[in-house]
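Below are the chains, spelled out letter by letter.
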Amino acid sequence: MAHVVWDWNGTLWADTHLCIAIMNEMLRERGMPALDRARYQQIFDFPVIRYYERLGFDFKAEPFAVVGAEFIRRYELRRLEAALHPPARPTLQALRELGLQQSVLSAYRHETLEELLISAGIRDFFMGVVGSDNVYAEGKVAQGRQWIQNLGVSPERVVLIGDTEHDFEVATAMGCPCLLVATGYHPRSRLEKLGAPVLDSLDQIPSWLSAQR
């Protein structure tokens, strides 16, 4: 391997609890059943409109554009209630010491992503950051394809690390291997069905990558 492409939300940034808390506020205000972590991990999906449908939102009464924007507004106000997964920084450092280049590919808004990477003190680990230009987490596959071209590295020498089925789909579209961590939005039971390797913690990644070289 020569290059690691990281997903952000759920993979490096531990915000699952915050997403659940915010959604539960919105559900309670509408008299809808609350989420727990197990249900969240089972129904969360991309595109995120599927997730809202599974929660039972009525888009005839309340368009997705409205409820989606409401969630994003609340998330942005509280985003610093989340933080890096504790092993994130030492893992990034270990991969740097292995001589691996690293970048971030995320459905999160690009400008805010850059701000969070800087405030978390990890921006200098990444030679590139690719974020979304919209608030609905659309277009990650297209961005991933473009990024793999920009890298100028054979896809087989790139690994995408993520925490969801969608990250696996993105890696497949990029033509590169995928490594999944069961610490974020999707549980191990969903990830294992994809056929990609699944680890339980970020701190297992350096030794796993070393074994692939």
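The paragraphs below set out a description of the structure included in this document.

Definitions and cut-offs
Residues numbered from 1 in each chain as written. Predicted model: local features only at pLDDT ≥ 70, side-chain atom pairs only at ≥ 80, totals over all residues. Heavy atoms only, no water. Helix = DSSP H or I, 4+ residues; strand = E, 2+ residues; numbered from the N terminus. Rg over C-alpha atoms; globule rule 2.2 N^0.38 Å. Contact = heavy atoms within 4.5 Å. Phe/Tyr/Trp six-rings, centres within 6.5 Å; stacked < 30°, edge-to-face > 60°. Buried < 20%, exposed > 50% of the residue type's maximum accessible area, 1.4 Å probe, protein only. Pairing = 2+ DSSP bridges. Axes fitted to C-alpha atoms, helices over the stretch in contact; angles between N-to-C directions. Salt bridge = Lys/Arg side-chain N within 4 Å of Asp/Glu carboxyl O.

On to the overall build of the chain, then. A tally of regular secondary structure across the chain gives 10 helices and eight strands. Compactness check: the chain gives a C-alpha radius of gyration of 17 Å against a globular reference of 17 Å for 213 residues, within 12% of the reference. Its C-alpha atoms give the chain principal-axis dimensions of roughly 50 × 35 × 30 Å. Long-range contacts, defined as pairs at least 24 residues apart, comprise 64% of the intrachain contacts of the chain with a sequence gap of at least 6.

This part covers the packing of aromatic side chains. Per the stated rule, a full pass over the model turns up 13 aromatic pairs. Relative to tyrosine 51, the ring of tyrosine 40 has its centre 5.6 Å away and its plane inclined at 85°; by these criteria the two rings are edge-to-face. Of this pair, tyrosine 40 sits in helix α2 (residues 37–43) while tyrosine 51 is found in helix α3 (residues 48–55), placing the two residues 11 residues apart along the sequence. Among the residues examined, tyrosine 40 registers a relative accessible area of 1% and is labelled buried. For tyrosine 51, a relative accessible area of 3% corresponds to the buried category. When the centroid spacing of 5.9 Å and the interplanar angle of 80° are considered together, the rings of tyrosine 75 and tyrosine 108 count as edge-to-face. One end of the pair, tyrosine 75, is in helix α4 (residues 64–78); the other, tyrosine 108, is in strand β4 (residues 101–109), with 33 residues separating them in the sequence. Owing to a relative accessible area of 4%, tyrosine 75 belongs among the buried residues under this scheme.

Moving on: the environment of glutamine 41. Assignment of secondary structure puts glutamine 41 in helix α2. Residues glutamine 41 and isoleucine 161, 120 residues apart in the sequence, show an inter-C-alpha distance of 18 Å. Setting aside residues no more than four positions away along its own chain, glutamine 41 makes contact with Gly184, Tyr185, His186, Pro187 and Arg190.

Remark on secondary structure: sheet strands pair via backbone hydrogen bonds, oriented parallel or antiparallel. On the basis of which strands lie adjacent, the open sheet formed by six strands has the order β5-β4-β1-β6-β7-β8 and parallel pairing. Two strands close off the open sheet at either side, each with one partner strand: β5 (128–132) and β8 (198–199). Taken together, the two bridges between strand β7 (residues 178–181) and β8 define a ladder with parallel strand orientation. Bridge assignment links leucine 180 to a residue of β8, and that residue is valine 198. Against the sheet, helix α6 (residues 110–119) contacts β4 and β5, and its axis sits at roughly 130° relative to β4.

Per the stated rule, a full pass over the model turns up 19 salt bridges. Measuring nitrogen to oxygen at the nearest pair gives 2.7 Å for the salt bridge that ties glutamate 29 to arginine 74. Linking glutamate 29 in helix α1 (residues 16–29) with arginine 74 in helix α4, this pair joins segments that are 45 residues apart in sequence. Judged by relative accessible area, which is 53%, glutamate 29 ranks as exposed. Judged by relative accessible area, which is 13%, arginine 74 ranks as buried. Glutamate 62 is the salt-bridge partner of arginine 30, the closest N and O atoms lying 2.8 Å from each other. Residue arginine 30 is located in the loop between α1 and α2, and its partner glutamate 62 is located in the loop between α3 and α4; the two are separated by 32 residues in the primary sequence. For glutamate 62, a relative accessible area of 24% puts it in the partly exposed group.

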